[in-house]
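Results of the structural survey
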Amino acid sequence: MNSAITTCEHPNPLRGDGVLSSHEGDQGSKKDGQLKSSSSSHLAYGILDIPPWYLCIFLGIQHFLTALGGLVAVPLILAKDLCLQHDPLTQSYLISTIFFVSGICTLLQVFLGIRLPILQGGTFAFLGPSLAMLSLPTWKCPTWTLNASQVNTSSPEFTEEWQKRIREQRGDGVLSSHEDDQGSKKDGQLKSSSSSHMAYGILDIPPWYLCIFLGIQHFLTALGGLVAVPLILAKDLCLQHDPLTQSYLISTTFFVSGICTLLQVLLGIRLPILQGGTFAFLGPSLAMLSLPTWKCPEWTLNASQVNTSSPEFTEEWQKRIRELQGAVLVASCVQMLVGFSGLIGFLMRFIGPLTIAPTISLMALPLFDPAGDDAGIHWGIAATTIFLIVLFSQYLKNIAVPVPVYGREKKSHTSKFYLFQIFPVLLGLCISWLLCFVLTVTDALPSAPTAYGYLARTDTKGSVLSQAPWFRFPYPGQWGFPTVSLAGVFGIIAGVISSVVESIGDYHACARLVGVPPPPKHAINRGIGIEGLGCLLAGAWGTGNGTTSYSQNVGALGITRVGSRMVIVAAGCVLLLMGIFGKIGAAFVTIPAPVVGGMFLVMFGVITAVGISNLQYVDLNSSRNLFIFGFSIFCGLAIPNWVNKNPERLHTGILQLDQVIQVLLTTGMFVGGFLGFLLDNTIPGSLEERGLLAWNQIQEESEETTKALEVYGLPWGIGTRFCTSSCAQYLPFWPREGEVGVRQLSLCPGDSEEGPRSATDTRM
């Protein structure tokens, strides 16, 4: 099938036979970078035409059925908060009223309003504020209205209960204006912002002192995730009353993350991506530790009965972490096989913007809960952190700070340095951290552990700092020889699948932010394989977790606009040092939670926007594409939420299968990415409509080919000056001369020759 839609080959439907046209071309086509209406958009009946009366009736019914879901959904959603869940008759009255009013509004709009064929109906925009108002104590439904046996729907008392709420809704006029929830377009063309210019590109090498400071900034950006994973595992490892061992786990995580970061940047995907502990493994890990075999004894839950130096207590937590180590080791071998065998690179030919966009967006969207929880510990501190990061990264980014410089030619002089553009996160964190320290010293923050804002103090984790040794070198097998169980392995493999999907999204997001071509399939194969090797090292060292690419650091690239590979190398070295110097690593653990929460709110917002920006390649006038993206995003939020609330509904009787299903269905990015992948590859659509042609064209210029080889080729001349054997070219992870990106592969004959040449204009 030819990739281009040649509409002149399809005859227009005849008006006289009453046959409706099949909407094969319900969207415009792009030509010369501009959005133009396709010739297939010629309508059987134009806006001023009058079809036969019977067609008007049938088409009117079709429009009614199309809008039926939205018309009925609004009153049904409101019913519970209006105390009507046990009064279906009144619900039917509300639905009938909606139908009637929508009909009046439709006629007014068509005859006196915009005068376009647009149907009016109930709006979901009012649902949020309406439900918020009805959740106030004044309007909460009485308990007796929730019990069907106590409700008499014909009684005046019940009638007054729901009617006064309806009257409040009618009188409130709760409105919400969505004037700025969409991007701006100019002349129908999507243009990249000038802010996408990087201060330092991926191949640039900033001064050594900048690399150090920027590396520390990336370390601080990842600190929340690096510390959170071992702290979350601590309770189920029976370590909630052993902060010293918790600090050892944190140091080990730092050390292994440093090794994995260096391996990934130098030999893996070769993009500026930091590696660290993965939340994808937490679900199956906690599920395994909740089994009766691994539940902590009662005496380990009582601080007065725990002797952290006793052999009995040491064996209790070590046997659990050894079980996690064994599961991670086996699962990491599966990930290495998937990566180095080229299976991921093969699948990438079927993965387009409609798969990548929901996957990247759903990395960050479900994290609003933990980010909000951390920030909610003290919203004043969190808001200060957000304000400072936004101030430095957006408002002051173009303001140069004079810095004294001494050189050989010019002895003492000042030079302009864009401090706020390069260090917005580091400056924001340090100032907020210092503010928390001052408020702690002056006792402005509460000292009672149960009081609001207590965890904003800097002395809540002082025991970790005092007990941690100055030097401690983590080593493989430090907790003993790993053990393996089938249940743990199956669960962690499910986490590996989610981690792989997340990492592929991170690779594309990172490439877009630093302004380089999308990663070739050999680079993706290598990146996933190296991540598997990183998980293998994490299992050997005993972090109790694996490693993956860190989304928050990808977001930091967009804020700081520093995409240099050497900065992440410096960050890897910082992680290694933090893992060895226990006191320094423990000091960073004392960063208050609301400071980290405020930073996450900014970072995850950037990641969400980067995911959505992938849609610039697809035709957003296509109902097909809008359905795929919207449905994938919504299911990626709704399905995990339901599974978390109803885990017992998924019991099959096979424990390992239950764990796999639960982990997959509670990972939003897996659900959304899988649905996007499935629908995009099964629902008919041209390559141009799907955005694959536009993505192909980004790779076609020779300068981009050269840059791709520079970015994703192996270092130190491997493959060009050394190890140039022809046999190596058959390895799936080995760079090939002339292979640019996974999008260069022609999916259909002639696709790459007749695509829109100006698609390169959409490059960030």
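This structure is a prediction, so every number in the text was calculated from the model and none was measured. (Residues numbered from 1 in each chain as written. Predicted model: local features only at pLDDT ≥ 70, side-chain atom pairs only at ≥ 80, totals over all residues. Heavy atoms only, no water.)

1. Details of the overall build of the protein
The number of helices and strands found in the protein is 27 helices and six strands. Taking all 764 residues of the protein together, the buried fraction comes to 48%. Partitioning the contacts of the protein with sequence separation of at least 6, the portion at a separation of at least 24 is 81%. Taken as a whole, the protein presents about 36300 Å² of accessible surface, with 64% of it coming from carbon and sulfur. (Helix = DSSP H or I, 4+ residues; strand = E, 2+ residues; numbered from the N terminus. Buried < 20%, exposed > 50% of the residue type's maximum accessible area, 1.4 Å probe, protein only. Contact = heavy atoms within 4.5 Å. Areas by Shrake-Rupley, 256 points an atom, 1.4 Å probe, with all protein chains shown as cover.)

2. Re the nonpolar core
With 88 residues, the main nonpolar core has Phe219, Phe254, Leu271, Val516 and Met599 as its most contacted residues. Sorting elements by how many residues they give to this core places helix α16 (residues 486-514) first, with 11 residues. By size, the runner-up hydrophobic cluster in this structure holds 17 residues, among which are Leu237, Leu239, Leu289 and Trp317. (Core = buried A, V, L, I, M, F, W, Y, C linked by side-chain atoms within 4.5 Å.)

3. Digging into the confidence of the model for the protein
Detailed reading of the predicted coordinates is not advisable wherever pLDDT falls low. This prediction gives the protein a mean pLDDT of 77; 80% of its residues lie at or above 70. Long-range and interchain partners of residues 1-41, a stretch whose pLDDT sits below 50, account for 58 contacts in this model, where long-range means more than four residues apart. Counted against residues more than four places away or in other chains, residues 699-704, with its pLDDT under 50, gives 15 contacts. (pLDDT = per-residue confidence, 0-100.)

4. Things to note about the packing of aromatic side chains
Aromatic rings considered in pairs are described by the distance between their centres and by the relative angle of their planes. Within the structure shown, the criterion is met by 12 aromatic pairs. Measuring from centroid to centroid gives 5.2 Å for Phe255 and Phe473, while their planes differ by 65°, and the two rings are edge-to-face. Of this pair, Phe255 sits in helix α6 (residues 243-267) while Phe473 sits in the loop between α15 (462-467) and α16, and the two are 218 residues apart along the sequence. Taking the relative accessible area as the measure of exposure, Phe473 reaches 53% and is therefore exposed. Between Trp299 and Phe313 the ring centres are 6.4 Å apart and the planes differ by 65°, which places this aromatic pair in the edge-to-face class. Of the two residues, Trp299 sits in the loop between α7 (282-289) and α8 (311-340) while Phe313 sits in helix α8, which places them 14 residues apart along the sequence. In this structure an aromatic cluster arises from ring pairing among Phe255, Phe473 and Trp541. The ring of Tyr248 has Arg472 lying over it, and the distance from NZ or CZ to the ring centre is 4.2 Å. (Phe/Tyr/Trp six-rings, centres within 6.5 Å; stacked < 30°, edge-to-face > 60°. Lys NZ or Arg CZ within 6 Å of the ring centre and 35° of its normal.)

5. Concerning the state of the cysteines
Counted under the stated rule, the structure contains two disulfides. Paired by a disulfide, Cys83 and Cys141 hold their sulfur atoms 2.2 Å apart. An S-S torsion of about -105° defines the bridge between Cys83 and Cys141 as left-handed. One end of the pair, Cys83, is in the loop between α1 (53-81) and α2 (88-111); the other, Cys141, is in the loop between α3 (127-134) and α4 (156-172), with 58 residues separating them in the sequence. Side by side, Cys83 and Cys141 carry an identical accessibility label, which is buried. A disulfide bridge connects Cys238 with Cys296, and the sulfur atoms are separated by 2.1 Å. Handedness here is read from the sign of the S-S torsion; for Cys238 and Cys296, about -100°, the answer is left-handed. With Cys238 in the loop between α5 (208-236) and α6 and Cys296 in the loop between α7 and α8, this residue pair connects regions lying 58 residues apart in the sequence. In terms of burial, Cys238 and Cys296 fall into one category: buried. Ordinal numbering of bonded cysteines along the protein defines a disulfide pattern of 1-2, 3-4. (Disulfide = S-S within 2.5 Å.)

6. Comments concerning the packing of α8 against helix α17 (residues 521-541)
Running from N to C, α8 and α17 cross one another at 165°; their axes reach a closest spacing of 7 Å. With respect to α17, the element α8 is oriented roughly antiparallel. Considering the relative orientation of α8 and α17, their crossing is left-handed. Its residues assigned to classes, the contact of α8 with α17 comprises 12 nonpolar, eight polar and two charged. (Axes fitted to C-alpha atoms, helices over the stretch in contact; angles between N-to-C directions. Parallel < 35°, antiparallel > 145°, perpendicular 65-115°, else oblique. Left-handed = near helix turned anticlockwise from the far one by under 90°. Nonpolar A, V, L, I, M, F, W, Y, C, P; charged D, E, K, R; others polar.)

7. Let's talk about unusual backbone geometry
Of all residues except glycine, most have a negative phi; of all peptide bonds, most are trans. Notably, Cys83 is not glycine yet its phi reads approximately 65°, a positive angle. Within the chain, Asp443 stands out as a residue other than glycine whose phi angle is a positive 60°. As for its placement among the helices and strands, Asp443 is situated in the loop between α14 (424-441) and α15.

8. A look at helix α11 (residues 368-376)
Residues Ala371, Gly372, Ala375 and Gly376 constitute the buried set of α11. Around the axis of α11, the buried residues are gathered within 130° of arc, so they sit on the same side. Looking at the buried residues of α11, the elements they touch are α12 (379-395) and α21 (593-613). (Arc of directions from axis to C-beta.)

9. Comments concerning the side chain of Arg526
In this fold, Arg526 is placed in helix α17. Reaching out from Arg526, the side chain makes a polar contact with the backbone oxygen of Gly268 at a distance of 3.0 Å. Ignoring sequence-local partners within four residues, the contact set of Arg526 consists of Leu267, Gly268, Arg270, Phe340, Tyr712, Leu714, Phe733 and Pro735. (Polar contact = N/O pair within 3.5 Å; in protein donor to acceptor, adjacent residues only side chain to side chain.)

10. A look at helix α18 (residues 551-560)
A large share of α18 lies buried, amounting to nine of its 10 residues. Residues of α18 that are buried: Ser551, Gln552, Asn553, Val554, Gly555, Ala556, Leu557, Ile559 and Thr560.

11. Points about the pattern of salt bridges
In total, this model carries 10 salt bridges according to the counting rule given. A salt bridge links Glu161 to Lys164; its shortest N-O distance comes to 3.8 Å. Of the two residues, Glu161 and Lys164 are both situated in helix α4; the distance of three residues between them amounts to about one turn of the helix. Under the relative-accessibility criterion, Lys164 is labelled partly exposed at 27%. (Salt bridge = Lys/Arg side-chain N within 4 Å of Asp/Glu carboxyl O.)

12. Points about the packing of α1 against α2
Between α1 and α2, whose axes approach to 9 Å, the crossing angle comes to 135°. Taken as axis vectors, α1 and α2 run oblique relative to one another. Read as a crossing pair, α1 and α2 show a hand that is right-handed. Within the contact between the two elements, α1 uses Phe64, Leu68, Leu71, Val72, Pro75, Leu76 and Ala79 and α2 uses Gln91, Leu94, Ile95, Ile98, Phe99 and Ser102. Of the residues belonging to the contact of α1 with α2, the class tally is 11 nonpolar, two polar and no charged.

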